[in-house]
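What follows is each chain in one-letter form.
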Amino acid sequence: MVYFVLAMGLFTDCGYRRVWAALTARWPRWAVADPSAAALRQARRRLGVGPLALLFSRLRGPMGTAGTLGVFWRGLRLVAWDGTCLEVADSEANVARFRRHASRTTRPAGFPQVRLTALIECGTRAVVDAVFGPQQYAEWPQARALLPSLKAGMLLLADRGYDGYEALRDAAATGADVLWRVQSGRLLPVIDALPDGTHLTLVTDRRSGDRLTRWMRHGRRGPMPANLTALTLRVISYQVTQCGPDGTCRTSTVRLVTTLLDPERHPADELAAVYHQRWEIETAYYGLKVTLRGADRAAADPARTRLPGRPRYRQASAAPAAHPPTQEPKRGDPIITRTTPPLLPELGTLAALGTMPALLRQLSGLGGCTNPIRLDGHRTEHHLN
């Protein structure tokens, strides 16, 4: 049944019986059971989260070696984290737990959503760790649960959504280095100018920030305020120009902060180029939500599971780039939940090339999931999504 759940993540456009047929297509007919869809559903419920959680704990983690392209920079392993939202089935239980996204100016969304936050290894897009919860759950509280997976020797890349003293402090306390983009309005005073054009600054909590701001407004008269609750970081600023097909161009300023303070050991121009690899997690999510499912299904294909806490068994396990959660939270458990295991990163390359669907059908021996097929002892099943 574990293999069946994994297969559901690969054959996302198939019903239960089709997934079973694809999974067992190369086995002798006399050696294969012929369960009904109801039997498969009940067996899936009996499986529980224990075996999948154990599988994930054994397989998750960095996979790249020193020779793997895009994994290391100057001896540091590049990792990135970010969040995304995934739709789940529109059942009463899912709506009660995950709710529908809405704002003051829009009506509630058609399906409840789950927020996934994943930590991946750049270069391989291997899942180091992942958590999920309701869509209303903020990104940083989710990311805090990933902190134990950060280690010394890693360089964590993150976007402006994680800009904040507490997040930077806690991430740096793990021993990992950080390279994060920050909000344009964040106060980053020049404490010490560096010869390469970057400068050292202090990122403070709110109270210390007020004291530092008053000192700067008074022309920095006297010594800097003592006993500031602050983190010393290096600021790297550069401009990016984007030109559209019509020839119009737009220039924006990118500001990065990092715990790598030595401009000679870690040049600013290289760090700016390295930060671009943060998009590895964006392409990983794209592969999960669009490439593997098909562009024509990505916008209207919520997970079929109607039980809260089991929202996406079908896509989760086999997504080669990033994996939605599959552990079922119990009543009273915290929202943070682990996910299912990653497969080989080479599958991510195949998915990105658009060859995954054809490969899967060749492996299963089926011509696709939209054609009717008769399995022994049961009626012909058609694809009804």
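Residues numbered from 1 in each chain as written. Predicted model: local features only at pLDDT ≥ 70, side-chain atom pairs only at ≥ 80, totals over all residues. Heavy atoms only, no water.

### Considerations on helix H2 (residues 16-23)
1) Next: The buried count for H2 comes to 7 of 8 residues, which makes it a mostly enclosed element.
2) Next: Every buried residue of H2 is accounted for by Tyr16, Arg17, Arg18, Val19, Trp20, Ala21 and Ala22. (Buried < 20%, exposed > 50% of the residue type's maximum accessible area, 1.4 Å probe, protein only. Helix = DSSP H or I, 4+ residues; strand = E, 2+ residues; numbered from the N terminus.)

### What to know about the environment of Trp73
1) Next: With respect to the helices and strands, the residue Trp73 is situated in strand S1 (residues 72-73).
2) Next: Expressed as a C-alpha distance, the spacing of Trp73 and Val274, which sit 201 residues apart in the sequence, is 7.8 Å.
3) Next: Those residues in contact with Trp73, other than ones at most four positions away along the chain, are Leu78, Leu155, Leu260, His266, Glu270, Leu271 and Val274. (Contact = heavy atoms within 4.5 Å.)

### Quick word on the pairing of strand S9 (residues 230-243)
1) Next: Relative to S9, strand S8 (residues 199-204) runs antiparallel, the two being bridged by 6 bridges. Across the sheet, residue Leu202 finds its bridge partner in S9, namely Thr232.
2) Next: In this sheet, strand S10 (residues 249-258) lies alongside S9 in antiparallel orientation, the contact comprising 10 bridges. Directly across from Arg234, in S10, lies its bridge partner Thr258. (Pairing = 2+ DSSP bridges.)

### Remarks on the pattern of salt bridges
1) Next: Overall, the coordinates contain 12 salt bridges when judged by the stated rule.
2) Next: Of the charged contacts, one joins Asp196 and Arg234 as a salt bridge, the two residues approaching to 2.8 Å between their closest N and O atoms. Taken together, the residues span a long stretch of sequence, with Asp196 in the loop between strand S7 (192-193) and S8 and Arg234 in strand S9 at a distance of 38 residues.
3) Next: The partner of Glu282 in a salt bridge is Arg278, with the nearest N and O atoms 3.2 Å apart.
4) Next: Judged by its relative accessible area of 5%, Arg278 falls in the buried class.
5) Next: When salt bridges that share partners are traced, they join Asp82, Asp159, Arg278 and Glu282 into one network. (Salt bridge = Lys/Arg side-chain N within 4 Å of Asp/Glu carboxyl O.)

### Some details on the pairing of S8
1) Next: With 6 of 6 residues buried, S8 is to be regarded as a mostly interior element.
2) Next: Residues His199, Thr201 and Val203 of S8 are buried on one face, and the alternating residues Leu200, Leu202 and Thr204, pointing to the opposite face, are buried as well.
3) Next: With 2 bridges connecting them, S7 and S8 associate as antiparallel partners. Its bridge partner lying in S8, Asp192 is registered against Leu200.
4) Next: Counting the residues in the hairpin turn of S7 and S8 gives 5 residues, including Gly197, whose phi is positive at 95°.

### So, unusual backbone geometry
1) Next: Positive phi, close to 50°, is recorded for Arg74, a residue that is not glycine.
2) Next: The partly exposed category is assigned to Arg74, whose relative accessible area is 46%.
3) Next: Its identity is not glycine, yet Arg125 carries a phi of approximately 60°, on the positive side.
4) Next: Examined against the element boundaries, Arg125 turns out to sit in the loop between strand S3 (113-121) and strand S4 (127-134).
5) Next: Overall, Arg125 belongs to the buried group, its relative accessible area being 12%.

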